[in-house]
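Observations on the model geometry
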Amino acid sequence: MAKQPRIALNVLAKDVENAKQIVSLAEGRVFIGVTAKGFSSVTEAAAVIESYQEAGIPVSVGLGAGDAEQWKKVVEVAILTKPAHVNQVFPAAGYTLGALHAVGSSHTVVNALIAPSGTQGKVLVTTGPISQAAPEEISCEAAAAMLAEIGVHSVKFYPVNGLSRIEEIKKMAQAAVRFGIPVFEPTGGIDEESIRPIVEVCLEAGVRQVIPHVYTSIVDMDTGLTRLDKVEELLAALPEI
């Protein structure tokens with residue numbers, strides 16, 4: 001896994017030009033999300049991602065609103081494009097990592113989607129298309145240990161719902177650090193007011209890199225562009241490290 005900034009945003013972009021503006025504004029501390037759900041085929045998604053990559057934009061291949069049904073499309077798109085970052089459901093994270101290694105993509109950060117349970121110290125790893133119908137709480141330590149065993153780089157914790165789950169974030173981040181998982185990605189309901197305390201609790205737990213995701217809330221609904229002023233506000237709200 002390539003060296004990355006300690007804190008990096010993960011945001012959407014309407015097109016290559018919008019993405020270039022965001023990357024420039026963030027001085028590289030950003031991934032641009034491209035979601036599999038938004039495309040009718042793997043080849044269509046791959047073509048768009050390749051256009052971003054040709055412009056030097058670090059792409060994060062996503063599911064699309066955490067849609068577990070997209071997990072296989074995400075793998076197939078990632079194999080073709082070898083992106084900087086991949087979002088994946090917990091049950092398919094190891095498969096995805098192995099598939100990328102098989103095509104020589106050892107630089108790609110792969111996360112595993114874990115859901116908060118509502119109980120501190122307990123999480124849901126049943127985030128796949130079949131397993132989500134049978135939710136079962138396990139300890140944060142058990143979840144982190146399983147990811148460590150298969151070499152997955154990152155925990156994606158979704159949804160955080162602002163500051164309402166800050167203690168649950170803390171417990172999962174601590175477990176990730178304990179088992180050597182370097183990256184933590186809080187997402188779902190983060191804004192310019194909640195982003196700093198959420199990132200701080202992850203850093204205080206000892207996480208090596210925090211990647212908060214902020215998607216549709218900073219997109220202009222009229223133009224489809226991710227608003228640069230909102231990206232600037234998020235960056236300004238981040239703790240100085």
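The sections below set out a description of the structure shown in this document. What you see is a predicted model, and the numbers here were worked out from it, not measured in a lab. (Residues numbered from 1 in each chain as written. Predicted model: local features only at pLDDT ≥ 70, side-chain atom pairs only at ≥ 80, totals over all residues. Heavy atoms only, no water.)

The next point concerns the overall build of the protein. When helices and strands are tallied, the protein shows eight helices and ten strands. Relative to a compact globule of 241 residues, whose C-alpha radius of gyration would be 18 Å, the protein shows 16 Å and is just as compact. Taking the principal axes of its C-alpha atoms as reference, the protein extends roughly 45 × 40 × 30 Å. By the burial criterion, 51% of the 241 residues in the protein qualify as buried. In the protein, once contacts between residues fewer than 6 apart in sequence are set aside, the share between residues at least 24 apart is 70%. Accessible area for the protein stands at about 10300 Å²; split by element, carbon and sulfur atoms hold 51% of it. Across the protein, 19 positive and 27 negative side-chain charges occur, with their mean positions spaced 5 Å apart. (Helix = DSSP H or I, 4+ residues; strand = E, 2+ residues; numbered from the N terminus. Rg over C-alpha atoms; globule rule 2.2 N^0.38 Å. Buried < 20%, exposed > 50% of the residue type's maximum accessible area, 1.4 Å probe, protein only. Contact = heavy atoms within 4.5 Å. Areas by Shrake-Rupley, 256 points an atom, 1.4 Å probe, with all protein chains shown as cover. Lys, Arg positive; Asp, Glu negative; His and termini not counted. Charge placed at Lys NZ, Arg CZ, Asp CG, Glu CD.)

The subject of this paragraph is the pattern of salt bridges. Tallying each qualifying case throughout the model produces six salt bridges. Residue Lys37 is joined to Asp67 by a salt bridge in which the shortest nitrogen-to-oxygen separation is 3.4 Å. Within this pair, whereas Lys37 is found in the loop between β2 (30-35) and α2 (42-54), its partner Asp67 is found in the loop between β3 (59-62) and α3 (71-81), the two being separated by 30 residues in sequence. For Arg165, the salt bridge identified is with Glu168, shortest N-O distance 3.0 Å. Accessibility expressed as a relative area gives 21% for Arg165, which makes it partly exposed. One network of salt bridges, in which partners are shared, links Glu192, Lys230 and Glu233. (Salt bridge = Lys/Arg side-chain N within 4 Å of Asp/Glu carboxyl O.)

Let us look at the nonpolar core. Within the largest apolar cluster, 69 residues are counted, with the highest numbers of intra-cluster contacts made by Leu9, Ile32, Ile114, Met172 and Phe184. Among the elements that take part in this core, helix α7 (residues 195-204) stands out by supplying six residues, more than any other. If we skip the residues at most four places from it in the chain, Leu9 touches Arg29, Val30, Phe31, Ile195, Ile211, Pro212, Val231, Leu234, Leu235 and Leu238. Ranked by size, the runner-up nonpolar core spans five residues in total, among them Phe31, Ala84, Val183 and Ile211. (Core = buried A, V, L, I, M, F, W, Y, C linked by side-chain atoms within 4.5 Å.)

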